[in-house]
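If you want the building blocks of each chain, they are given just below.
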Amino acid sequence: MQALKKLFGYYEAYHAHGRPLLKYIGIVAAATYVVFYLIRFTKPNPKPFDDVAFRLVIVLLFTALALRDQWPQKLRNFYLPFSYAALIFCLPFFNVFMTLERHGGIPAISNCFIALTFLVLVADWRNTIVILAVGIGAAALVHFSLTPDSRGWPRDFLLQIPAYLIIVVGGAAFKLSDKQIDAEKSRLAAALAGSIAHEMRNPLGRVQHALEKMHAVLSPAKARAAAQTLTPQQIDTLYRNLADSEVAVRRGLQVISTTLDAVSAKPMDASAFRYLSAAEVVQQAVEEYSYDTDEARDRVTVVVKEDFTFRGDETAYLFVLFNLLKNALYYTAAYPQTRVTLTIGGQRVKVRDTGPGIPPDVLPGLFEAFRSIGKTGGTGLGLAYCQRVMRAFGGDIGCASVVGEYTEFTMDFPAVSAQEQEKHRLDAVAEARTALAGRRVLIVEDDAVQRTATRQKLGPIALTTELDEAPDGQTALRMLSRRKYDILLLDLNMPGLDGFAVAEKIRAGGGQNHDVHIVAYTSEPAHLARTRAFSAGMDHFVSKPCAQLPLLAALQHVMQRRNGRASILAGRLAGRRILVADDSAFNRKAIAAYLRSAAAIAIEVEHGAAVLEQLEAQEGIHAVVIDLHMPGMDGLETARAIRSAHQPWSGVPILAMTARSDEPAVAAATAAGMNGFLVKPVDAVVLYETLARLISGEAGVGTPEQPKPREPDPSVREGLLNMQRLESYRRLGMLDELLNDYLPEMDRLVATLQRAVDGGDVQGSIDALHSLLGMSGEAGAQALYQDVRRLYVPLLEEGKWPTGREWLPHLQALARRTEEALRAYCASQPSDASP
């Protein structure tokens, strides 16, 4: 009995998970047995043995298999045992018995082939053999018992036994291969789920840790009824942990987005590519990456030998860098000496770590999907995704490694000609000039040199945009009380009233500039200051140093936001009637809230039939946002019904929402007549931009090509300077300011730092490093900027001096070398440089 139970267990496993094989075999076989019976009457000499009674029983049995879903609930446990008996009787028993009764013949032997094929499909190989043995044995027993004078086994039937064996063996081999494929799919699915779970555990743990720290700052439950006064240190702790939580959440979303993109292998839309600074994107990735610990953050260094421009998608490339950083930092626990260096120069970005290295035999297949080397829970999707992104950019990625020494990933980018870069710059300036025409901008900055530099960068819009300056927060508030401004470009770290306090007073004041667009413009670390800036009422955050185009883009960005909150081109969705369909009330209300914040009119319904009713009842609906998966009439059916209705509203733009982002889902939405595709959770900015594009479309502005800028003297290109930034200063005619203002100020700040260190003044050192950080970055002193940043962030966060005694002499020597390099660069340029 145990052996029989085990055997039947294989049969049950074969039909587990609702596989409908028996149901479909029942439909096909019932029809086949009827048709084959009728065919015999088309022949002039029908067989003498009439099997109509047998066939009637078989058709009833197969019909019962086909009606599986209609079986009463209390009988469904008997479905599989019933099917087992039915297969024995209907396939081997009946066909072998008929073959013996008819003494062989081509029709009987052909029927045996068909029956055997059916049996191979509906049972595993063990039960196939057992069913065959039982059925054939029973047929022979019945036949020879009823017909003692039988002629025996037909010779033509016996001759087909090798062919029958081939069917059985071949079917078993095929099913074994199919089983292995299913097992591999299950393994990969489990690995994918495990990878996501592993990656999500860290950000969720960071959120929990930050919440615990914030909870410790707040009053215990029994004291909540009374007012609680927080010290500045406690407020700073809350903001730091809130910022850390937001970084962790972004990291989790990055993991999910990267994994889904890697699995779906969706082609990238090159039409959405834009020109990017390699140094800026790399620095952004290093700052925004969610590190496990502060120690891990300190292991990463950025070296800019020469910045360059490439054309691509910023988000996709950030994910590439996140993947490489994750790989490089993975082994730090086992290899504590690991350091990671990102080097930019020569149309290349290199990510080098001093970890365990990769064996030579592994390198050739490193970028294959689902190849994971020595990582628990890894899927191997990350590097395949990196390669796909780089090739979409027109470049490539490679890896070199020596076991026990290093691993270095090299990303090569296609060169962007100077003419193309200049054309892009002029296009962007022209677009910004148009978007900011007639606006008033107030620059609030306590450093006079920085104010001058910022005004110079905004020079291209000065003819159409009014630019004012304020040297401190109090002056800015007085100016804001006297006249209306559109944008406030606000430094955060100022003596007296800092940028946070200025923003809070503006938002709480209720005056004419209560809704002014505020852009934080600071050298404060983004991961520390961004959250507090937004909490204070600011609308955008720009890190210093910032080149001309990103700064113009930031101002343009906030002017394309309604009331400084909803990210949407002014007026593009205002007054538009948008129909939102989702069976989830929460999702529906969230989308509707996004739309209403953009001054659109949102009409909410919960199923596809209601969409058709609203389109029929209301005129002037501009777009439909619909979930693909709803009970009843789903999104695809609704879209097809809209397109086939031949009504005035049949051409309305339809935007699909779904949690899936794979190719079949996109293809199905497109085939149903949908115009756009959003993946949940829906980002408000993406929603606005997609709807605006579908409803009204967009156009670009072209400008003539410009001559190629003069190539700088190679003698100064030693990694000390940001050559792209210096070239922009050359075009702006700011080289004199660089020599006369920046260099003396840098000298003064280094001397101030020396005095603060000598006097043991930690806060004075922080202030000096803060100013030097912004100054060096603006001046294009890339190496000095990186060194100052390495010192400033830990000192600001922990209030502790850097370890060792050589950091200050090293900084002073680097400042002297930087000054020499800057002077050499300026001397190599013509004196009549102009913007």
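Definitions and cut-offs
Residues numbered from 1 in each chain as written. Predicted model: local features only at pLDDT ≥ 70, side-chain atom pairs only at ≥ 80, totals over all residues. Heavy atoms only, no water. Buried < 20%, exposed > 50% of the residue type's maximum accessible area, 1.4 Å probe, protein only. Helix = DSSP H or I, 4+ residues; strand = E, 2+ residues; numbered from the N terminus. Pairing = 2+ DSSP bridges. Axes fitted to C-alpha atoms, helices over the stretch in contact; angles between N-to-C directions. Phe/Tyr/Trp six-rings, centres within 6.5 Å; stacked < 30°, edge-to-face > 60°. Lys NZ or Arg CZ within 6 Å of the ring centre and 35° of its normal.

1. Details of helix α10 (residues 278-288)
- Among the 11 residues in α10, nine count as buried, and that is most of the element.
- All of the buried residues in α10 are Ala278, Ala279, Val281, Val282, Gln283, Ala285, Val286, Glu287 and Glu288.

2. Quick word on the sheet that holds strand β4 (residues 340-345)
- Read from one edge of the open sheet, five strands run β2-β4-β5-β7-β6, paired in mixed fashion. Since the sheet does not close on itself, it has two edges, and those belong to β2 (300-304) and β6 (396-402), each with one partner. Taking each pair of neighbouring strands and ignoring which way they run, the sheet shows an average axis angle of 15 degrees.
- Pairing geometry for strand β5 (residues 348-353) and strand β7 (residues 406-412), over six bridges, is antiparallel. Its bridge partner lying in β7, Arg348 is registered against Asp412.

3. Notes on the packing of aromatic side chains
- Taken as a whole, this structure holds 28 aromatic pairs when the rule is applied.
- An angle of 55 degrees between the planes, with centres 4.6 Å apart, marks the rings of Phe113 and Tyr164 as tilted. Here Tyr164 lies in helix α8 (residues 161-217) and Phe113 lies in helix α5 (residues 106-122), a separation of 51 residues in the sequence.
- Residue class for Tyr164 comes out buried when judged on its relative accessible area of 11%.
- Linked through ring pairs, Tyr33, Phe54, Phe62, Phe89, Phe93, Phe94 and Phe97 together constitute an aromatic cluster.
- The cationic tip of Arg126 hangs over the ring face of Tyr10; the distance from NZ or CZ to the ring centre is 3.8 Å.
- Against the face of Tyr521 rests Lys544, its NZ or CZ located 5.2 Å from the ring centre.

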